2 protein chains.
Amino acid sequence: MDYTEQIISFHNFIADECIPGVSLDCAIFGFHDTRLKVLLLRWKDTSEWCLPGGFIYKTESVDRAAERVLYERTGLDKLFLQQFHLFGDAVRYDREEMWRRQKMPMSFSERWPERTLSVGYYALVDHTQVTPTPDFMTDECRWWDISDLPSLLYDHRQIVTVALQTLRSQLNWQPIGLNLMAEKFTIPELQRLYEAVLDKPLDARNFHKKIMGLHILTRLDERRTGKAHKSPFLYRFDRENYQKALGNGNLSFV
Amino acid sequence: MDYTEQIISFHNFIADECIPGVSLDCAIFGFHDTRLKVLLLRWKDTSEWCLPGGFIYKTESVDRAAERVLYERTGLDKLFLQQFHLFGDAVRYDREEMWRRQKMPMSFSERWPERTLSVGYYALVDHTQVTPTPDFMTDECRWWDISDLPSLLYDHRQIVTVALQTLRSQLNWQPIGLNLMAEKFTIPELQRLYEAVLDKPLDARNFHKKIMGLHILTRLDERRTGKAHKSPFLYRFDRENYQKALGNGNLSFV
DNA sequence: ACAAAAGTGTTACAACTACACCCATGG
DNA sequence: CCATGGGTGTAGTTGTAACACTTTTGT
């Protein structure tokens, strides 16, 4: 099956099985080399990047569709995943241009709505667990530093911006940052994450107090070694205590 | 034109002119008699209530559609209006039951998607400016106390709940409560509003300090008279200062 | 004159900010 | 032994919460 056959069959599948006119885009955030990253796909034979996205089956919930899309792209499930906005501008992109880029026969456009809304989700993932993999429509899938994004298709730049705003505002009120860390991590590593998300330096002593004050980290009898300085302790996110604290109202989910 | 003709023609119009499978519901909040209220419609010949809602024209933005729906229902425009969630459960309501209630011929259902998503907006309005008016599908339109809601159709109870949560969480971070007041109001009246939204009593002295500390209220040379006690001063929301404060970062829009 | 709500200031406590030195490790 | 980053406490400030009495007004 060549590319054209493949993409026509794909679009036929969507037109048959999915809710028309509504797509779903995920800003998948990871953290690596002291920088906050987002996962992007490069469209086949172009230098244009976009967010991983998909469509909603007629019989599944929108949240379920988001989990599915994320799973298809990263192989991960049960991640922190949150709907943050429905993007519904009257013109979100140039339909004909999109059609050309996808090398779709124009005749096919009868089966395709003139306009799509897109519901934005953001996900926080431990990048060590992810193997970014392109699909048949894309040549490349990789992490991009959020302060150095390439040219993005459609309104995906705006979607990333709004996702980031949401992430920033939530970081202050709930310890969602922990979803971005590997299983074991050090306090300074976590601080680097907060600094990357908030885009400002934080005071190590105050950060330590604040994070420890949440009582949701367990210090392990293990240290991160191999660096030319004092080895920091490793910690683990204590999900049990976290749930307990949520129940007590000690942690606020705004 | 009788009811059946009318509703068929209405649904034909929607099927022709609107985005299929996506509706829009507004939780319109007002404040009256020291209670927070929401505007509801009663379905023709039933005792079931629902939120005012509508559909999105194929060529208009979703935000614009929300403004339009709000205008059609309240006659008001340029209100505080904010999207808060896309409701996308796989089954949000019983389609056949809805069909029966609307007295639609079942045959018509070919033109109607099996399932609709709904994007929720909430609005804050000065109830003195609103004349609630039912449309041809509804017998009655009136304010309901949020702590004493009637039986609601579809998942509208959930939509109101999420709207309220959003409103509560935003009230703490931005002075949106002012959108619910008439042009001139007293500090104690505003306090009653905050108490109604947050559902807890507040201390008058602390409230006064906090609200005045925002520097966005102007005290008028006028008092509210006619009650058997000391007449309170009237204040006006100073939108100019408000914009200035927003620019300075003194007020935070999360 | 009485009932009802308005108006107002101080103190205690909690949360956040700023700030500097010694220690452990690998090279 | 040196460069690098980890680990830690205190004091000042800011914001929030608790608290009671006097004034005004209409009846």
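Per an unreviewed UniProt entry, chain A goes by NUDIX domain-containing protein and derives from Spirosoma liriopis.

Enquirer: Sorry if this is basic, but what is going on with the nonpolar core here?
Expert: In summary, soluble globular proteins display a tendency toward joint burial of nonpolar side chains. The biggest cluster of nonpolar side chains holds 76 residues, and the ones touching the most others in it are Leu 24, Ile 28 and Val 62 of chain A together with Leu 24, Ile 28 and Val 62 of chain B. Apart from residues lying up to four places away in sequence, Val 62 of chain B is in contact with Leu 86, Gly 88, Arg 115 and Leu 117 of chain A together with Leu 24, Ile 56, Val 119 and Tyr 121 of chain B.

Enquirer: Please clarify how the pattern of salt bridges should be interpreted in this entry.
Expert: Once the charged atoms of two side chains with opposite charge are near each other, the side chains can pair. Across all of its chains, the model carries 34 salt bridges over all chains by this definition. With a closest N to O distance of 3.5 Å, Arg 42 of chain A and Asp 139 of chain A form a salt bridge. Within this pair, whereas Arg 42 of chain A is found in strand E2 (residues 35-43), its partner Asp 139 of chain A is found in strand E7 (residues 138-145), the two being separated by 97 residues in sequence. We note a salt bridge from Arg 35 of chain B to Asp 145 of chain B, for which the minimum N-O separation is 3.2 Å. Within this pair, whereas Arg 35 of chain B is found in strand E2 (residues 35-43), its partner Asp 145 of chain B is found in strand E7 (residues 138-145), the two being separated by 110 residues in sequence. If you follow the salt bridges from partner to partner, you end up with Arg 42, Lys 44, Asp 139, Glu 140 and Arg 142 of chain A in one network.

Enquirer: Just checking my understanding: could you explain the sheet that holds strand E10 (residues 233-237) of chain B for this structure?
Expert: Strand pairing in a sheet is mediated by backbone hydrogen bonds. Such pairs are either parallel or antiparallel. Residues and elements named next belong to chain B. With antiparallel pairing, the 3 strands of this open sheet are ordered in space as E8-E10-E9. At either margin of the open sheet sits one strand with a lone partner, and together these are strand E8 (184-185) and strand E9 (217-223). Bridging between E8 and E10 involves 2 bridges; their strand directions are antiparallel. Among the inter-strand pairings, Phe 185 is bridged to a residue of E10, identified as Tyr 235.

Enquirer: Honestly, the protein's contact with DNA strand D in this entry has me stumped. Any pointers?
Expert: His 229 and Phe 233 of chain A together with Lys 227, Ala 228 and Lys 230 of chain B are the nearest of the 18 residues found near DNA strand D. Close to the protein, within 4 Å, the atoms of DNA strand D belong to sugar or phosphate groups at a rate of 41%. In the environment of DNA strand D, a base nitrogen lies 3.0 Å from a nitrogen or oxygen atom belonging to the side chain of Asn 206 of chain B. Where the surface near DNA strand D is concerned, the elements lending two or more residues are helix H6 (204-213) of chain A together with helix H6 (204-213) of chain B. In the surface near DNA strand D, the residues fall into 5 nonpolar, 5 polar and 8 charged.

Enquirer: Even after reading the chapter, I still don't get the protein's contact with DNA strand C, so can you show me in this structure?
Expert: Close to DNA strand C lie 19 residues, the nearest being Lys 227, Ala 228, Lys 230 and Ser 231 of chain A together with Pro 188 of chain B. Here, DNA strand C places atoms within 4 Å of the protein, and 44% of those atoms are sugar or phosphate. At 3.4 Å from a sugar or linking oxygen of DNA strand C is found a main-chain nitrogen or oxygen belonging to Lys 227 of chain A. Elements with a minimum of two residues in the surface near DNA strand C: H6 of chain A together with H6 of chain B. Each residue belonging to the surface near DNA strand C can be placed in one class, and the counts come to 5 nonpolar, 6 polar and 8 charged.

Enquirer: I would appreciate a short explanation of the UniProt feature "domain: Nudix hydrolase" (unreviewed entry) in chain A in the present structure.
Expert: With numbering aligned to this structure, UniProt lists the feature "domain: Nudix hydrolase" (unreviewed entry) at residues 21-166 of chain A. Annotated as residues 21-166 of chain A, this span is 21% helix and 36% strand, and its ends, taken at the C-alpha atoms, are 25 Å apart.

Enquirer: I tried to follow the domain arrangement of chain A on my own but got confused; where do I start?
Expert: When the parts of a complex come together, some accessible area is lost, and that lost area is often used as the size of the interface. Residue and element names in this part refer to chain A. In terms of domains, chain A is made up of domain 1 (3-171) and domain 2 (183-248). Relative placement of domain 1 and domain 2: their C-alpha centres are 31 Å apart. Every contact between the two is made by 8 residues of domain 1 and, on the other side, 9 residues of domain 2. When the area that domain 1 buries against domain 2 is broken down by residue, the three leading residues are Phe 31, Arg 168 and Leu 171, summing to 67%.

Enquirer: Teacher, can you tell me more about the relation of the copies chain A and chain B here?
Expert: Mapping between the two chain copies consists of a rotation about an axis together with a translation along that axis. Turning chain A through 180 degrees and shifting it by 0.0 Å along the axis lays it on chain B, with an RMSD of 0.1 Å. The transformation just described matches what one would write down for a two-fold rotation axis. Most of the interface of chain A is mirrored in chain B: 100% of its interface residues are interface residues there too.

Rules of the game
- Residues numbered from 1 in each chain as written.
- Chains lettered and ligands numbered in written order.
- Predicted model: local features only at pLDDT ≥ 70, side-chain atom pairs only at ≥ 80, totals over all residues.
- Heavy atoms only, no water.
- Core = buried A, V, L, I, M, F, W, Y, C linked by side-chain atoms within 4.5 Å.
- Buried < 20%, exposed > 50% of the residue type's maximum accessible area, 1.4 Å probe, protein only.
- Contact = heavy atoms within 4.5 Å.
- Salt bridge = Lys/Arg side-chain N within 4 Å of Asp/Glu carboxyl O.
- Helix = DSSP H or I, 4+ residues; strand = E, 2+ residues; numbered from the N terminus.
- Pairing = 2+ DSSP bridges.
- Near = heavy atom within 4 Å.
- Polar contact = N/O pair within 3.5 Å; in protein donor to acceptor, adjacent residues only side chain to side chain.
- Nonpolar A, V, L, I, M, F, W, Y, C, P; charged D, E, K, R; others polar.
- UniProt positions renumbered as here; feature names shortened; annotations may be inferred.
- Domains from an automatic or database assignment.
- Buried area = accessible area lost by both parts, 1.4 Å probe.
- Least-squares fit on C-alpha atoms with pLDDT ≥ 70 in both.

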